[in-house]
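# Observations on chain architecture
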Amino acid sequence: MRTIEQRNKSFFNKLAKYYDSSLFRSLNKKFPEKIIKLVNIKPNSKILDAGCGTGNLLYLLLKQKKNLNLIGIDISPEMLKIAKRKLKGKTKFMLMPVEKINEKNKFDYIFSVDAFHHYSSQEKAMANFYMALKKNGKLIVVDFDFSFLFNKIFHWLEPGNSRMHSAIQMKEIFRKKGFRDIKQKKIGWFSWLTIGRK
């Protein structure tokens with residue numbers, strides 16, 4: 001039986017060529033734009049996009065012209081091929097899962113956009129995020145909350161879905177890991193942004 005990571009890699013490799021198509025384009029632009037406005041990123045910051053996909057968030061961050069040091073990681077080689085073409089050498093990309101992050105006090109911001117429910121070990125991901133952030137660095141997680149019943153159904157239907165969380169549960173995950181000043185905002189019909197400071 002394939003692992004969650006293997007199922008996700010297979011799923012997103014197949015999805016990659018359609019991900020920036022007209023079907024997804026408006027969503028792929030709208031949500032990153034909202035997120036960037038809400039977070040108010042400081043110039044010269046070092047930023048990790050964990051589960052960066054085709055690089056849509058990183059592309060919009062680059063357009064901020066704030067001299068940002070941008071890094072994107074993903075488990076899908078096909079997604080990263082598109083991201084690399086889109087960012088044209090202005091961002092560093094690595095093929096790796098979030099569970100393998102091994103950095104300390106390196107990033108001012110870490111973003112996880114629509115990826116958290118795909119992580120093989122959400123506990124390990126949160127521990128790595130906390131370790132990799134500088135003091136007072138911020139973790140920003142955007143993920144779906146369809147309500148208890150539909151979270152269960154979506155978990156069952158979507159390939160590589162490890163677990164869905166309600167907004168309340170996500171806030172508690174942040175609190176238990178030691179994050180402070182935790183704030184949440186609904187940014188779409190089913191998407192919640194949770195932000196916490198190390």
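So, here's what we can say about the structure. Being a predicted model, the structure only gives us computed values, none of them experimental.

### Description of the overall build of the chain
A tally of helices and strands in the chain yields seven helices and seven strands. Listing every helix and strand of the chain by position from the N terminus yields α-α-β-α-β-α-β-β-α-β-α-α-β-β. Per-residue burial over the chain gives 47% buried out of 198 residues. Summed over all atoms, the accessible surface of the chain reaches about 10,900 Å², with 56% contributed by carbon and sulfur.

### Side note on a positive patch on the surface
A grouping of Lys63, Lys65, Lys88 and Lys90 is seen on the molecular surface, where their side chains present a positively charged patch. Within the fold, Lys63 resides in the loop between α3 (56-62) and β2 (69-74).

### Details of the nonpolar core
In terms of nonpolar packing, the biggest core is built from 25 residues, with Ile35, Val39, Ile41, Ile47, Leu61, Phe111 and Ile140 touching the most fellow members. Every element with two or more residues in this core is listed here: α2 (22-39), α3, α4 (77-87), β4 (107-113), β5 (133-144) and β7 (191-197). With sequence-adjacent residues up to four places away left out, Ile41 is seen in contact with Ile47, Leu61, Lys66, Leu68, Tyr109 and Phe111. The next biggest cluster of nonpolar side chains, apart from the first, holds 23 residues, and it includes Leu48, Ile71, Ile110 and Phe129.

### Section: the environment of Phe129
Counting through the fold element by element, Phe129 comes out in helix α5 (residues 122-132). Once the C-alpha coordinates of Phe129 and Lys177 are considered, the two residues, 48 residues apart in sequence, prove to be 9.8 Å apart. Those residues within four positions of Phe129 in sequence are excluded, and the remaining contacts are Ala50, Val98, Ile101, Ile110, Tyr119 and Leu139.

Parameters at a glance
- Residues numbered from 1 in each chain as written.
- Predicted model: local features only at pLDDT ≥ 70, side-chain atom pairs only at ≥ 80, totals over all residues.
- Heavy atoms only, no water.
- Helix = DSSP H or I, 4+ residues; strand = E, 2+ residues; numbered from the N terminus.
- Buried < 20%, exposed > 50% of the residue type's maximum accessible area, 1.4 Å probe, protein only.
- Areas by Shrake-Rupley, 256 points an atom, 1.4 Å probe, with all protein chains shown as cover.
- Patch = residues over 30% accessible without salt bridge, like charges linked within 9 Å, V, L, I, M, F, W, Y side chains within 5 Å.
- Salt bridge = Lys/Arg side-chain N within 4 Å of Asp/Glu carboxyl O.
- Lys, Arg positive; Asp, Glu negative; His and termini not counted.
- Charge placed at Lys NZ, Arg CZ, Asp CG, Glu CD.
- Core = buried A, V, L, I, M, F, W, Y, C linked by side-chain atoms within 4.5 Å.
- Contact = heavy atoms within 4.5 Å.

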